[in-house]
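# A look at the structure
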Amino acid sequence: MWAMSGKPLRMTQRATGGRWLPLLITLVYRAWSATWRVRLVDREVLESALADGATVICLWHGEQAPLLHAHGHRNIWGMASKSADGELLARIIERLGYGVIRGSSSTGALGALRDSIRAIMAGCSPALAVDGPRGPRHIPHHGAMHLAARTGRPVVYMVSRAPFSVQLKTWDRFLVPLPGARVTIGYGRMEPPGKDKGEVERASEELGRRMAALSERLVSRPS
């Protein structure tokens, strides 16, 4: 879906592709994604939530490519791991109009949670791939709903479909819409759960069901 406190982790330029690789990837992505025909279903769900303040944004791992295209420069912060790959990703998405929180559920989780809370308190909206970083695919972890419970902010979930695309042979079946593809993005909203562990877990399960249902709805919706 992208470091708040302190200095972000800095890798060597060689480890992250030098100063030109992030720029090159960004330019290629912008040119590629400019050819997509994007349709936003229930966009007012997102607009209303953002107009009311910070929002916990939830997405599936593997759908970042189309979602990055549609939501830049909206005071949204993505998450990138504390690794060379994560540093490269951070430099790219910053160029696309996003803030970046460093960490993941497997490395730097507490720091990432702290920085996500600080982002929300500052009026920024963290975007979390809820089934990352290693899956299982399309099974939400509890971090997003825990964050919503801690801050009292609503959850906006988004899914994307692109029939004219390729899916990489990765665990998340990373989606790459082809040039000229029709991309459909849909939105839904959930209110924050209570802070009780059981409520957070149940809300996470409900989030998974709602995101799956929204994906199916986009498939059956007429163009």
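Everything quoted here is computed from the prediction, not taken from an experiment. Counting starts from 1 at the beginning of each chain's written sequence and moves along it residue by residue. Thresholds applied to this predicted model are a pLDDT of at least 70 for local features of residues and 80 or more for the giving and counting of side-chain atom pairs; totals over whole chains, interfaces and linings are not thresholded and use all residues. Excluded from the side-chain calculation are hydrogens and water; included are all heavy atoms of the structure.

For the rest of this paragraph, the subject is the overall build of the protein chain. Think of it this way: any DSSP run of H or I at least four residues long counts as a helix, any run of E at least two long counts as a strand, and we number them from the N terminus. Of regular secondary structure, the protein chain possesses seven helices and nine strands. Think of it in three bands: with a 1.4 Å probe and only protein chains considered, a residue is buried below 20% of the maximum accessible area for its type, exposed above 50%, and partly exposed in between. Expressed as a percentage of its 223 residues, the buried residues of the protein chain come to 46%. Methods summary: accessible areas were calculated by the Shrake-Rupley approach with a probe of 1.4 Å, and residue burial reflects only the protein chains presented. As displayed, the protein chain has an accessible area near 11,000 Å², and 55% of this comes from carbon and sulfur atoms.

Moving on, we come to the sheet that holds strand β3 (residues 76-80). The pairing criterion is simple: DSSP has to find at least two bridges between the two strands. Here seven strands make up an open sheet; going across it, the order is β1-β9-β6-β2-β5-β3-β4 and the pairing mixed. Where the open sheet ends on each side, the last strands, each with one partner, are β1 (37-41) and β4 (99-102). Ignoring strand direction, the axes of neighbouring strands in this sheet form an average angle of 30°. Where β1 meets strand β9 (residues 182-190), five bridges bridge the pair, whose relative direction is parallel. Looking across to β9, one finds that valine 41 is bridged to glycine 186. Those strands touched by helix α2 (residues 43-51) are β1, β2 (56-59), β5 (125-129), β6 (155-161) and β9, and its axis lies near 50° from that of β9. Across the sheet, helix α4 (residues 84-95) touches β3 and β4, and the angle it forms with β4 is around 160°. Fitted lines through C-alpha atoms serve as axes, helices being fitted only where they are in contact, and the angles separating the N-to-C directions of these axes extend from 0 to 180 degrees. In this analysis, two residues are considered to be in contact whenever any of their non-hydrogen atoms come within 4.5 Å of each other.

A few words now on helix α6 (residues 143-151). Listing the buried residues of α6 in full gives Ala144, Met145, Leu147, Ala148, Ala149 and Thr151. Two residues or fewer after α6 comes glycine 152, characterised by a positive phi angle close to 75°.

By the secondary structure assignment, arginine 102 is in strand β4. A polar contact is formed between the side chain of arginine 102 and the side chain of glutamate 87, at a distance of 2.6 Å. Here a polar contact is taken to be a pair of N or O atoms separated by no more than 3.5 Å, where protein atoms must pair a possible hydrogen donor with a possible acceptor and residues adjacent in sequence count only if both atoms sit in side chains.

Our focus in this paragraph is the pairing of β2. Judged by which residues are buried, β2 turns out to be covered on both faces: Val56 and Cys58 on one side and Ile57 and Leu59 on the other are all buried. Pairing between β2 and β6: three bridges, direction parallel. By the bridge assignment for β6, isoleucine 57 is matched with valine 156. Across three bridges, the pairing between β2 and β5 is parallel. When the bridges of β5 are listed, isoleucine 57 appears paired with alanine 127.

Distance thresholds for patches are 9 Å for like charges and 5 Å for nonpolar side chains (Val, Leu, Ile, Met, Phe, Trp, Tyr), applied to residues having over 30% relative accessible area and no salt bridge. Take a side-chain nitrogen of Lys or Arg and a carboxyl oxygen of Asp or Glu: if they are within 4 Å of each other, that pair is a salt bridge. There is a patch of nonpolar side chains on the surface, built from Leu21, Leu24, Ile25, Val28 and Trp32 and spanning about 400 Å² of accessible area. For leucine 24, the location among the structural elements is in helix α1 (residues 21-33).

Interaxial distance between α1 and α4 falls to 9 Å at its minimum, and their mutual angle equals 50°. Considering the angle they form, α1 stands oblique to α4. Between α1 and α4 lies a crossing whose hand is right-handed. Taking contact as the criterion, the partners of Leu21, Pro22, Leu23, Ile25, Thr26 and Arg30 in α1 are, on α4, Leu88, Arg91, Ile92 and Arg95. Residues are grouped as follows: nonpolar covers Ala, Val, Leu, Ile, Met, Phe, Trp, Tyr, Cys and Pro; charged covers Asp, Glu, Lys and Arg; every other residue, Gly included, is treated as polar. Residue classes in the contact of α1 with α4 are distributed as six nonpolar, one polar and three charged. In what follows, roughly perpendicular refers to angles from 65 to 115 degrees, roughly parallel to angles under 35, roughly antiparallel to angles over 145, and oblique to any angle outside these ranges. Crossing handedness is read from the near helix: turned anticlockwise from the far helix by less than a right angle, it gives a left-handed crossing, and turned clockwise, a right-handed one.

With that settled, consider the pattern of salt bridges. Scanning all chains against the criterion turns up 10 salt bridges. As a salt-bridge pair, aspartate 42 and arginine 217 come within 2.9 Å of each other at their nearest N and O atoms. Of the two residues, aspartate 42 sits in the loop between β1 and α2 while arginine 217 sits in helix α7 (residues 197-220), which places them 175 residues apart along the sequence. Taking the relative accessible area as the measure of exposure, arginine 217 reaches 33% and is therefore partly exposed.

Pairing of aromatic side chains here covers Phe, Tyr and the six-membered ring of Trp, requires ring centres within 6.5 Å, and sorts the geometry by plane angle: under 30 degrees stacked, over 60 edge-to-face, intermediate tilted. Under the counting rule described, the total for this entry stands at one aromatic pair. Where tyrosine 29 meets tryptophan 36, the ring centres are 6.2 Å apart and the plane angle is 85°; that geometry is what we call edge-to-face. A relative accessible area of 15% means that tyrosine 29 is categorised as buried.

Any link to function would need more than the numbers given here.
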